[in-house]
Amino acid sequence: TRYEGHRSWHGFVQQMEREVEAQARPDAKGALHLKLGIVYEEKFLQKVRALQHYQKAFKLNPSSTEALERARAIYREMGKLEMVSQLLDIEFKGTQESKRALRLLIDLAEVLGDRGELERAEATYRRALDASGGDVAVSTALEDLLINEGWEERVSLLEDGAERVAAKDARQASKQLLRAARIARRFGSEAAEGYLKRSIYHDPTNEAASVLFDLARAAEDRLGELM
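Below is a short write-up of the structure.

**Quick notes on the packing of helix α5 (residues 81–94) against helix α6 (residues 98–114)**
(1) Moving on: It is the contact of α5 with α6, at a shortest axis distance of 9 Å, that shows an interaxial angle of 155 degrees. What the angle tells us is that α5 and α6 run roughly antiparallel. Note that α5 runs across α6; the crossing there is left-handed. Between α5 and α6, the residues in contact are Leu-81, Val-84, Ser-85, Leu-88, Asp-89, Glu-91 and Phe-92 and Arg-100, Ala-101, Leu-104, Leu-105, Asp-107, Leu-108, Val-111, Leu-112 and Asp-114, respectively.
(2) Moving on: Looking at side-chain class alone, the contact of α5 with α6 contains 10 nonpolar, 1 polar and 5 charged residues.

Next up, the structure:
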């Protein structure tokens, strides 16, 4: 990482904490909190402590997006999609770069859909569609979200498509299966978890599939406790 080379990370943290107390400028203080957050996240694996520093970093310097991005990644890993959507919305409102704004809109629409906030997800996809000039991938995601009659056939087609491309393009197969899972999940189909599991098998880096799979398993565990 960027801070490799320090003999004592505890000593580094103590030094940074002293500098935070001594620093008067908010932006500089925020930069120090960001450094502390990264160390707590990457060296001590204390992600809750890291989140505290990322939150302080952003409050002190709202123009810096790295703290938001890192906090969002941790919340996503924890499965806290409500916080992920909130931070995406904050990032979107604060960005001036059109390509980044579009990416954030698409990410926000996906998370809202995963949370079951279908009306907000639809509105956000439509904004992304307008901003992208009619991007095919955005249009397809919107269609997935809105499908009602014939959803089982669409899921079946996605599954078949994933099987056809899996040998040549595992990541594309993973994406197809994630789409199938999202549709099946929306209609309460038990097949959704299986699609997610296969999506992860084809691409272990598919973070969205991993988060939804973990949430599904956690829901099963809670249900088991109640029965």
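**A short note on the side chain of Asn-206**
(1) Moving on: With respect to the helices, strands and loops of the structure, Asn-206 is situated in the loop between α11 (191–202) and α12 (207–226).
(2) Moving on: In this structure Asn-206 comes out as buried when scored by relative accessible area, which is 10%.
(3) Moving on: Within the structure, Asn-206 has its side chain in polar contact with the backbone nitrogen of Ala-209 (distance 3.2 Å).
(4) Moving on: Setting aside its immediate chain neighbours within four residues, Asn-206 contacts Ser-174, Lys-175, Leu-178 and Ser-199.

**Structural notes on the pattern of salt bridges**
(1) Moving on: What the rule picks out here adds up to 22 salt bridges.
(2) Moving on: Here Asp-144 makes a salt bridge to Arg-179, at a shortest N to O gap of 2.6 Å. Linking Asp-144 in helix α8 (residues 136–146) with Arg-179 in helix α10 (residues 170–186), this pair joins segments that are 35 residues apart in sequence.
(3) Moving on: Residue class for Asp-144 comes out buried when judged on its relative accessible area of 8%.

**Focus on the packing of aromatic side chains**
(1) Moving on: According to the stated counting rule, one finds 3 aromatic pairs in the structure shown.
(2) Moving on: Judged by centre distance (4.6 Å) and plane angle (5 degrees), the rings of Trp-151 and Phe-187 are stacked. A residue pair is termed long-range when its members are at least 10 positions apart, and Trp-151 in helix α9 (residues 151–165) and Phe-187 in the loop between α10 and α11 qualify at 36 residues.

**Observations concerning the packing of helix α2 (residues 26–42) against helix α3 (residues 47–60)**
Each pair of packed helices can be summarised by the angle the axes make with each other and by the distance between the axes.
(1) Moving on: Interhelical geometry of α2 versus α3 gives an angle of 165 degrees and a closest axis separation of 8 Å. By the angle between their axes, α2 is roughly antiparallel relative to α3. Handedness of the α2/α3 crossing: left-handed. In contact with Pro-26, Asp-27, Lys-29, Gly-30, His-33, Leu-34, Leu-36, Gly-37, Ile-38, Tyr-40 and Glu-41 of α2, α3 contributes Lys-47, Arg-49, Ala-50, His-53, Tyr-54, Lys-56, Ala-57 and Leu-60.
(2) Moving on: Taken together, the residues of the contact of α2 with α3 sort by class into 9 nonpolar, 4 polar and 6 charged.

**Re α9**
(1) Moving on: Here α9 contains 15 residues, and its C-alpha end-to-end distance of 21 Å stays within 8% of the 21 Å for a straight helix at 1.5 Å per residue.
(2) Moving on: Buried residues along α9 sit in contact with α10 and α11.

Scoring rules and cut-offs
Residues numbered from 1 in each chain as written. Predicted model: local features only at pLDDT ≥ 70, side-chain atom pairs only at ≥ 80, totals over all residues. Heavy atoms only, no water. Axes fitted to C-alpha atoms, helices over the stretch in contact; angles between N-to-C directions. Helix = DSSP H or I, 4+ residues; strand = E, 2+ residues; numbered from the N terminus. Parallel < 35°, antiparallel > 145°, perpendicular 65-115°, else oblique. Left-handed = near helix turned anticlockwise from the far one by under 90°. Contact = heavy atoms within 4.5 Å. Nonpolar A, V, L, I, M, F, W, Y, C, P; charged D, E, K, R; others polar. Buried < 20%, exposed > 50% of the residue type's maximum accessible area, 1.4 Å probe, protein only. Polar contact = N/O pair within 3.5 Å; in protein donor to acceptor, adjacent residues only side chain to side chain. Salt bridge = Lys/Arg side-chain N within 4 Å of Asp/Glu carboxyl O. Phe/Tyr/Trp six-rings, centres within 6.5 Å; stacked < 30°, edge-to-face > 60°. Expected span 1.5 Å × (residues − 1).

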